[in-house]
Amino acid sequence: MRIGMGYDVHRLKKGRRLVLGGVVLPHEEGLDGHSDADVLLHAVMDALLGAAALGDIGRHFPDTDPHYEDISSLKLLAKVGEMIGEARFEVGNIDATVVAQRPRLAPYIDQMEQNIAKTLGVEISRVNVKATTEEELGFTGSEEGMAAYAVCLLEEIT
């Protein structure tokens, strides 16, 4: 068994759409980044890559490569899923937390979990997504940005 941890943060910016867990959410600002800036999926990918000792998303999908500009992070997650499979691992479970003051994420959590599970080809029971605020403290509380944390367990394929 291998454990991985991922963390990501992106600034909020007007004129961008907000994508979390592959779900486009109604919000007046989106996350700024080279890809779709899906902070949740970026944290999940880093957890998976870390557990498999395969580096991080910046190494595999650099923000200097025009091929990844505005790309859906679900496509990147699919590639990470292939990479961990080639390294002879399968997902035991994923647990992730999005930190955002607004919008309220509860109505979208089920779809985020489904997107992650489907993209990685695992049972929905292996994926858990939560959301929290920082009670108006820090950069997420002042709505300057959003963050996400993820942990995962990978099991060796025998």
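What you see is a predicted model, and the numbers here were worked out from it, not measured in a lab.

Definitions and limits used
Residues numbered from 1 in each chain as written. Predicted model: local features only at pLDDT ≥ 70, side-chain atom pairs only at ≥ 80, totals over all residues. Heavy atoms only, no water. Patch = residues over 30% accessible without salt bridge, like charges linked within 9 Å, V, L, I, M, F, W, Y side chains within 5 Å. Areas by Shrake-Rupley, 256 points an atom, 1.4 Å probe, with all protein chains shown as cover. Salt bridge = Lys/Arg side-chain N within 4 Å of Asp/Glu carboxyl O. Helix = DSSP H or I, 4+ residues; strand = E, 2+ residues; numbered from the N terminus. Buried < 20%, exposed > 50% of the residue type's maximum accessible area, 1.4 Å probe, protein only. Expected span 1.5 Å × (residues − 1). Contact = heavy atoms within 4.5 Å. Pairing = 2+ DSSP bridges. Axes fitted to C-alpha atoms, helices over the stretch in contact; angles between N-to-C directions. 1 Å grid on protein atoms, 1.4 Å probe; cavity = no way out; pocket = protein on both sides within 12 Å on 5 of 7 lines; lining within 4 Å. Points joined across faces, edges and corners; volume = space filled by probe spheres on them.

So, about a nonpolar patch on the surface. On the surface, Met5, Tyr7, Val9, Phe139, Tyr149 and Val151 cluster together into a nonpolar patch covering about 540 Å² of accessible area. Residue assignment for the nonpolar patch shows that the elements contributing at least two residues are β1 (2–14) and β7 (145–156). Looking at which element gives the most residues to the nonpolar patch, the answer is β1, with 3 residues. Looking at where tyrosine 149 falls in the secondary structure, it is placed in strand β7. For tyrosine 149, a relative accessible area of 43% corresponds to the partly exposed category.

Below, the discussion takes up unusual backbone geometry. A cis amide bond links arginine 102 to the next residue, proline 103, at an omega of -5 degrees. If you trace the backbone, proline 103 turns up in the loop between β5 (89–99) and α4 (109–120). Positive phi outside glycine occurs at aspartate 70, with the angle close to 60 degrees. Turning to its location among the elements, aspartate 70 is positioned in the loop between α2 (57–60) and α3 (73–86).

Under the 1.5 Å per step criterion, the end-to-end length of α4 is 17 Å for 12 residues, consistent within 8% with the ideal 16 Å. Residues of α4 that are buried sit in contact with β2 (18–20), β3 (23–25), α1 (39–51), α3, β5 and β6 (127–132). Where α4 ends, the next residue or the one after it, glycine 121, has phi of about 70 degrees, a positive value.

Our next topic: the environment of methionine 146. Secondary-structure assignment places methionine 146 in strand β7. In this structure methionine 146 comes out as buried when scored by relative accessible area, which is 0%. Remark: the alpha-carbon pair of methionine 146 and valine 9, spanning 137 residues in sequence, is separated by 5.7 Å.

Moving on: the sheet that holds β7. Ordered by their spatial adjacency, 5 strands build an open sheet running β4-β1-β7-β5-β6, and the pairing between neighbours is mixed. Every other strand in the sheet has two partners, leaving β4 (29–31) and β6 as the edge strands with one partner each. On average, each strand axis in the sheet is inclined to that of its neighbour by 20 degrees, with strand direction left out of account. Both β5 and β7 contribute to a ladder of 10 bridges, which runs antiparallel.

This brings us to the pairing of β7. Looking at chain direction, β1 and β7 are connected through 10 bridges and run antiparallel. Counted as the bridge partner of histidine 10 is methionine 146 from β7.

Another aspect to go through is the layout of surface pockets. Within this model, the largest pocket holds a volume of roughly 220 Å³. Taken together, 14 residues form the lining of the largest pocket, with Ser35, His42, Ile57, Phe61 and Asp63 sitting closest to its centre. Elements with a minimum of two residues in the lining of the largest pocket: β1, α1 and α2.

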